[in-house]
Amino acid sequence: MKKNVFAVITLAMALSVATIGTSFASGSSSTGGSISGGGGGGGTSVGTGYHPGQSTQTAGAANGAGIAGTQDAAGKTVIGGTTAVYFLADKNASVAGLPENTVSQINGINNGQKLNELIKDVDLTGYNALINTQAFIMEDTKGNVVTNPTSVSLNIPNLLEGLNNVQILFYNNATGKWEVIAPTAVDFANKLVTVNLPGSGTLSVIYKK
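Residues numbered from 1 in each chain as written. Predicted model: local features only at pLDDT ≥ 70, side-chain atom pairs only at ≥ 80, totals over all residues. Heavy atoms only, no water.

## Notes on the overall build of the protein chain
Thinking step 1. Helix and strand counts for the protein chain stand at four helices and 11 strands.
Thinking step 2. Considering only contacts in the protein chain between residues 6 or more positions apart, those separated by 24 or more positions represent 65%.
Thinking step 3. Carbon and sulfur atoms make up 54% of the accessible area of the protein chain, which amounts to about 11000 Å² in all. (Helix = DSSP H or I, 4+ residues; strand = E, 2+ residues; numbered from the N terminus. Contact = heavy atoms within 4.5 Å. Areas by Shrake-Rupley, 256 points an atom, 1.4 Å probe, with all protein chains shown as cover.)

Written out as structure tokens, the structure reads:
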């Protein structure tokens, strides 16, 4: 009789432990995740891109940028209620369809090559890249590409006091050319650069020492 009672108790304890173990295992799986927006170089995506399920965009990577603002259900930052903006996370998608020479220039920027030797469309003498390139999409709420200038605030974690001539180096998908765009505001204290972007393309923040 004692043996039977002991066996029942042992079986009950085993079942209890198994149930607890199963509960912890099922609770350990994570459905959350972040997508990093990145450029085409170095085999590594940089920046924060967008984070599905979060209400605001924040910058995280030291050599990337984030988009300041509130996000919609798809994880895109909506500006003015009409324009959705976001970085492309996938390295291959970020350079898909671009000319081979442009892809080479993007890789060169991300590999630390001299900007004025890589790009001849604009005068980049004395400029250095502060962040890696990031492919940037701008569309209306229906998913159509937008080419109207839109004011966008970028979080730049390594935007430090003392940097001179902070500008945006932008490859314009619509024109197929590089541009240097002057920011409308540079906020060193909050690490924000606000700029009117003309549409989708690839961007980096540049500066002079």
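## Structural notes on the pairing of strand E6 (residues 150–155)
Thinking step 1. Where strand E1 (residues 66–67) and E6 come together, two bridges link them in antiparallel fashion. By the bridge assignment, Gly66 is partnered in E6 with Asn155.
Thinking step 2. Pairing geometry for E6 and strand E10 (residues 192–197), over six bridges, is antiparallel. Its bridge partner lying in E10, Ser153 is registered against Thr194. (Pairing = 2+ DSSP bridges.)

## Quick word on the sheet that holds E6
Thinking step 1. The strand order across the open sheet built from four strands is E1-E6-E10-E9, with neighbouring strands paired in antiparallel fashion. In this open sheet, the two edge strands, each paired with only one partner strand, are E1 and strand E9 (185–187).

## Quick notes on the packing of aromatic side chains
Thinking step 1. Tallied over the entire structure, the rule returns two aromatic pairs.
Thinking step 2. Considering the side-chain rings of Phe87 and Phe136, the 5.7 Å spacing of their centres and the 70 degrees angle between planes classify their relative orientation as edge-to-face. In this pair, Phe87 sits in strand E3 (residues 83–87) while Phe136 sits in strand E5 (residues 134–140), placing the two residues 49 residues apart along the sequence.
Thinking step 3. Residue Phe87 is classed as buried on the basis of its relative accessible area of 0%.
Thinking step 4. Residue classification places Phe136 among the buried positions, given a relative accessible area of 0%.
Thinking step 5. Seen from their ring centres, Tyr171 and Trp178 are 5.3 Å apart, and the 65 degrees between their planes marks the pair as edge-to-face. For the pair Tyr171 and Trp178, a shared accessibility class is recorded, and that class is buried. (Phe/Tyr/Trp six-rings, centres within 6.5 Å; stacked < 30°, edge-to-face > 60°. Buried < 20%, exposed > 50% of the residue type's maximum accessible area, 1.4 Å probe, protein only.)

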